[in-house]
Amino acid sequence: DAGVIQSPRHEVTEMGQEVTLRCKPISGHDYLFWYRQTMMRGLELLIYFNNNVPIDDSGMPEDRFSAKMPNASFSTLKIQPSEPRDSAVYFCASSFPTGKGTEAFFGQGTRLTVV
Amino acid sequence: QQQVKQSPQSLIVQKGGISIINCAYENTAFDYFPWYQQFPGKGPALLIAIRPDVSEKKEGRFTISFNKSAKQFSLHIMDSQPGDSATYFCAASRRAGSYQLTFGKGTKLSVIP
């Protein structure tokens, strides 16, 4: 497997524009997580899915953020409208918990810059 | 409320020295404590993990020490090498139920020759 695949790797957009980040999890993993990484706040969990169903979205900062997982192999994180304070690296991760502890496999991230 | 506190924020160690990173947690329901390693431009990757039924776990030059009563755990990197230079995150989760990881804020380790 190629691992968790995120696209695009880099995104520069103007304030007010819609941004869509994409993620393909590892096949067979039934948990998918979206994280945001900034220097100030570190790695923050935004939302996670189990079997394509959103379980906890309490980390989503505002209604401008939304996430979907239409099937087991694809998820999107959308920001509309985007603001400069949304600039960060966004990571998608997937896992298959075994009961002994779960290893989250991260993608390479999308570096978002909102100007 | 930050549930996992990590220190130091940055660390500089000479090659061959010991790097020590500390974490403390608050939620006693946590029962799985992994450490992740992140290189620039990459996503975090699992390095080593421990469950609270043991006080220490060693994998090569990397050791986790765990103190359940103090709710603290630490990562020791023996014989630190320049290739170990990266950002290290401690994390905590529950093995059953919610599997989400709560991360510390990270420690940027620089190993100088």
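Residues numbered from 1 in each chain as written. Chains lettered and ligands numbered in written order. Predicted model: local features only at pLDDT ≥ 70, side-chain atom pairs only at ≥ 80, totals over all residues. Heavy atoms only, no water.

Draft legend 1. Spotlight on the overall build of chain B. Looking only at helices and strands, one finds 0 helices and 11 strands in chain B. Here the C-alpha atoms of chain B give a radius of gyration of 13 Å, agreeing with the 13 Å that 2.2 N^0.38 yields for 113 residues. With the C-alpha coordinates aligned to their principal axes, the bounding extent of chain B is approximately 45 × 30 × 20 Å. In chain B, the proportion of contacts linking residues at least 24 apart, taken out of those at least 6 apart, comes to 53%. If you sum the accessible surface of chain B, you get close to 5500 Å²; carbon and sulfur atoms cover 49% of it. Charge-centre separation for chain B: the mean point of 13 positive side chains lies 5 Å from the mean point of 7 negative side chains. (Helix = DSSP H or I, 4+ residues; strand = E, 2+ residues; numbered from the N terminus. Rg over C-alpha atoms; globule rule 2.2 N^0.38 Å. Contact = heavy atoms within 4.5 Å. Areas by Shrake-Rupley, 256 points an atom, 1.4 Å probe, with all protein chains shown as cover. Lys, Arg positive; Asp, Glu negative; His and termini not counted. Charge placed at Lys NZ, Arg CZ, Asp CG, Glu CD.)

Draft legend 2. Examining the state of the cysteines more closely. For the coordinates displayed, the defined rule picks out 2 disulfides over all chains. The residue that forms a disulfide with Cys23 of chain A is Cys92 of chain A, at a sulfur-sulfur distance of 1.8 Å. Given an S-S torsion of about -65°, the disulfide between Cys23 of chain A and Cys92 of chain A has left-handed geometry. Taken as a pair, Cys23 of chain A in strand β3 (residues 19–24) and Cys92 of chain A in strand β9 (residues 88–95) lie far apart in primary sequence, 69 residues in all. Note on accessibility: Cys23 of chain A and Cys92 of chain A belong to one class, buried. Disulfide pairing places Cys23 of chain B opposite Cys90 of chain B at an S-S distance of 1.8 Å. On the sign convention where negative is left-handed, the bridge of Cys23 of chain B and Cys90 of chain B, at about -90° about the S-S bond, is left-handed. Pair noted here: Cys23 of chain B is in strand β3 (residues 19–25) and Cys90 of chain B is in strand β9 (residues 86–92), with a separation of 67 residues, a long-range link. For Cys90 of chain B, a relative accessible area of 0% corresponds to the buried category. (Disulfide = S-S within 2.5 Å. Buried < 20%, exposed > 50% of the residue type's maximum accessible area, 1.4 Å probe, protein only.)

Draft legend 3. View of the interface of chain B and chain A. Contacts between chain B and chain A engage 19 residues on the former and 23 residues on the latter. The interface formed by chain B and chain A contains 0 salt bridges. Connecting chain B to chain A are 6 residue pairs in polar contact (both at pLDDT 80 or more). (Salt bridge = Lys/Arg side-chain N within 4 Å of Asp/Glu carboxyl O. Polar contact = N/O pair within 3.5 Å; in protein donor to acceptor, adjacent residues only side chain to side chain.)

Draft legend 4. Up close: the side chain of Ser74 of chain B. All names here are of chain B. Note that Ser74 resides in strand β8 (residues 72–77). Residue classification places Ser74 among the buried residues on the basis of a relative accessible area of 9%. Apart from the residues lying within four places of it in its own chain, the contact partners of Ser74 are Ile21, Asn22, Trp35, Thr63, Ile64 and Ser65.

Draft legend 5. Spotlight on the environment of Glu56 of chain B. Residues and elements named next belong to chain B. Along the chain, the position of Glu56 falls in strand β6 (residues 56–59). Separated by 19 residues in sequence, Glu56 and Leu75 place their C-alpha atoms 9.9 Å apart. Excluding residues that lie within four positions of it along the chain, Glu56 makes contacts with Ile50, Thr63, Ile64 and Ser65.

Draft legend 6. View of the nonpolar core. Residue and element names in this part refer to chain B. Counting residues in each nonpolar core, the largest one holds 24 residues, and the members touching the most others are Phe33, Trp35, Phe73, Leu75 and Tyr88. Elements with a minimum of two residues in this core: β2 (10–14), β3, β4 (33–38), β5 (45–50), β7 (62–67), β8, β9 and β11 (107–112). A per-element tally of this core places β9 first, with 4 residues. When neighbours within four sequence positions are excluded, Tyr88 is seen to be in contact with Gln6, Ile21, Tyr36, Gln37, Leu47, Phe62, Leu75, Ile77, Gly106, Thr107 and Leu109. (Core = buried A, V, L, I, M, F, W, Y, C linked by side-chain atoms within 4.5 Å.)

Draft legend 7. Up close: the pairing of β3 of chain B. All names here are of chain B. Burial along β3 is one-sided: the face carrying Ser19, Ile21, Cys23 and Tyr25 is buried and the face carrying Ile20, Asn22 and Ala24 is not. Examined bridge by bridge, strand β1 (residues 4–7) and β3 share 4 bridges and lie antiparallel to one another. The residue bridging Gln6 from the neighbouring strand is Cys23, located in β3. (Pairing = 2+ DSSP bridges.)

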